[in-house]
Every structure is written in C-alpha cells, then in structure tokens.
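Take a look at the letters that make up each chain.
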Amino acid sequence: MNSTRRAKMSAKIILIIAASIAVISSICVSSSDPGLLQDFCVADFTSNVFVNGFPCKDPLLVTSDDFFYSGIDQPRSTDNQLGSNITIVGVNRIRGLNTLGIIIARIDYAPGGLNPPHYHPRASEVFTVIEGNLFAGFITTNSDIGNTLYAKKLQKGDIFVFPQGLIHFQFNIGSKRAVATAAFGSQSPGLMTVPNAVFGSNPPVPAVILAKAFQLNTTTIEWLQQQNWVKNFNY
Ligand SMILES: *[C@@H]1O[C@H](CO)[C@@H](O)[C@H](O)[C@H]1NC(C)=O
Ligand SMILES: *[C@@H]1O[C@H](CO)[C@@H](O)[C@H](O)[C@H]1NC(C)=O
C-alpha cells in the first residue's frame, strides 16, 4: 500500500466513524416526539394532508374545548376475559394534545383482572394507582443484567414507572376493583400486546416456529392460535 492510498483509507475510516456518531446522536435526540414549533396544533381530522401526527386546525377556530375532556372518573366495563379496560385519552378525545408529546389513559381492573404483558415502542409510562391493589412490573431486555423482573405490589397513591419499550403488566391482586392512570411521554406510544401479537397475528405465525420458540408442541400452539385474543383498550 502506498502512502496516498493509506491516507485515503484513513480519511474514509474517519468519515465512517463521524457518520456513525452522527447517526447515533441523532437517534438519541429523536427518542421523544418532535419538538414544538408553535404553542399548539389542535388536530384537524378533516384535512387530507398527511404529516407526522395530524395537521393543525386554524388557530382562529380553536376553543377551550379543544383542550378539554370530561369523564375520566367514570368506571369502565371490565366484562371481558381479561377483566381490564383501558380508556386511552389521546388526540381522538382531546384534539389539542396533537404534537404535545403526551397522552394519558384510565385503566379499570376487575378483581383478578389483568393488563397482559405488553410494551410501548415510543414512550415511557408513569403509572399511578387511584384505587385498589395491583401487582405491576416490567422486564429488562437481554442485556448484561439479563431479563430481570422489576415488580412491586402497589396500592392507592403509589406510582410505578415503566421504561420505554420494556414489556410490562399489571394484575389486580385485591378483592375489589382497581383503577389507575397511565401517562405517556408520546402522542403515539404504540401498544404491542405480547400474547395477542404472538398467538393472534393475521395471518398466523407457522406453528412449527412458535412450537420451537416456546418449547411446546404444534398441537398446543394451534390451540393457542384458535383462542380469542381480546383487545382490552379503546381510543
Ligand atoms: C370498555 O368500557 C367501555 C365503556 O364502559 C365499553 O364500551 C367497552 O366495550 C369496554 N371494552 C372492553 C374491552 O371491555
Ligand atoms: C402436546 O403437549 C401437551 C401439553 O404438554 C400434551 O398434553 C399433549 O399430549 C401433546 N400432544 C402431542 C401430539 O404431542
């Protein structure tokens, strides 16, 4: 290798390193919703324009009601096989939440009710118990500390945090109904319910794949795939 070629090579390597750093730092910067460029951007659901989020309503037509929702105190029906019901209060219910990078939810649990293992790809969650007794926890990724479960028994007034993208759950361990709120650091946290996604996908994942992954036989997997994987949430 002559010296010009060597110089060109090292310039290339420096460029690659610089590009990698730029990519990594931009990932860090964009790990929450995009920053605001205006006071608010009340969602206009009638617009045909496609943007990240929803287009803004004409500010002259915005009213106080665009920032308002009433009824979060109303108990929701938990009459489903999971015994839980998530009412997501996002842009669908409060249009003024558009672009603000936050939403909230109310969760009702029957005795024995479960919000099954799930994760939010785009947000961390602050979980507050309003009523009742829950067992809640999250599991870390396949990292140095392995798949560690961090979990606690929670009661009225307790707060627990679920870090972004980690699988978590809440289970009503009390004899009475329980109620909680969940606040998210994204307008669109995303919701991936693990059993529903794995066993209830459309079309189904080939049973041989899930049998191997879960150390079960294909008969058991096919049975699981025939079950009704209820959606316990509404927007
Ligand atoms: C959640 O509660 C609402 C209001 O009570 C009800 O209309 C809805 O069907 C319930 N969802 C589930 C999954 O039970
Ligand atoms: C599949 O596994 C279940 C549960 O372990 C067992 O009861 C059943 O006999 C198995 N079926 C076959 C075909 O191996």
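Structure's up top.
(A) Representation of unusual backbone geometry. In this structure, proline 203 follows asparagine 202 across a cis peptide bond, with omega equal to -5°. Positionally, proline 203 belongs in the loop between helix H2 (194-199) and helix H3 (207-214). For threonine 99, which is not a glycine, the phi torsion comes out positive at approximately 75°. With respect to the helices, strands and loops of the structure, threonine 99 is situated in the loop between strand S1 (84-89) and strand S2 (103-109). Residue classification places threonine 99 among the partly exposed residues on the basis of a relative accessible area of 22%. With phi around 55°, glutamine 215 is a residue other than glycine that occupies positive phi space. Mapped onto the fold, glutamine 215 is located in the loop between H3 and helix H4 (218-226). On the basis of relative accessibility, which here comes to 75%, the residue glutamine 215 falls in the exposed class.

(B) Fine view of the site of ligand 1. Within the structure, ligand 1 sits among Arg76, Ser77, Asn80, Asn85, Lys231 and Asn232. One of the side-chain N or O atoms of asparagine 80 is found 2.9 Å from an oxygen atom in ligand 1. Contacts to ligand 1 include asparagine 85, whose side-chain N or O atom sits 2.3 Å from an oxygen atom. Alone, ligand 1 offers 360 Å² of accessible surface; in the complex the protein occludes 57% of this. Taken together, the residues of the shell around ligand 1 sort by class into no nonpolar, four polar and two charged.

(C) Representation of the nonpolar core. In terms of nonpolar packing, the biggest core is built from 25 residues, with Tyr109, Phe127 and Leu134 touching the most fellow members. Those elements that place two or more of their residues in this core are S1, S2, strand S4 (125-131), strand S5 (133-139), strand S7 (159-162) and strand S9 (178-184). In this view, leucine 134 contacts Tyr109, Phe127, Val129, Lys152, Lys153, Leu154, Phe171, Asn172, Ile173, Ala178 and Ala180; residues no more than four positions away in its chain are not counted. Among the nonpolar cores identified, the runner-up in size contains six residues, and Phe199, Ala207, Ala211 and Leu224 belong to it.

(D) Representation of the environment of proline 34 within the structure. In this structure, proline 34 sits in the loop between helix H1 (3-29) and S1. Proline 34 gets classed as exposed once you look at its relative accessible area, which sits at 56%. As for proline 34 and glycine 53, which are separated by 19 residues in sequence, their C-alpha atoms are 10.0 Å apart. Ignoring any residue separated from it by four or fewer positions in sequence, one finds proline 34 in contact with Asn52 and Thr99.

Reading the values: the criteria
- Residues numbered from 1 in each chain as written.
- Chains lettered and ligands numbered in written order.
- Predicted model: local features only at pLDDT ≥ 70, side-chain atom pairs only at ≥ 80, totals over all residues.
- Heavy atoms only, no water.
- Helix = DSSP H or I, 4+ residues; strand = E, 2+ residues; numbered from the N terminus.
- Buried < 20%, exposed > 50% of the residue type's maximum accessible area, 1.4 Å probe, protein only.
- Near = heavy atom within 4 Å.
- Polar contact = N/O pair within 3.5 Å; in protein donor to acceptor, adjacent residues only side chain to side chain.
- Areas by Shrake-Rupley, 256 points an atom, 1.4 Å probe, with all protein chains shown as cover.
- Nonpolar A, V, L, I, M, F, W, Y, C, P; charged D, E, K, R; others polar.
- Core = buried A, V, L, I, M, F, W, Y, C linked by side-chain atoms within 4.5 Å.
- Contact = heavy atoms within 4.5 Å.

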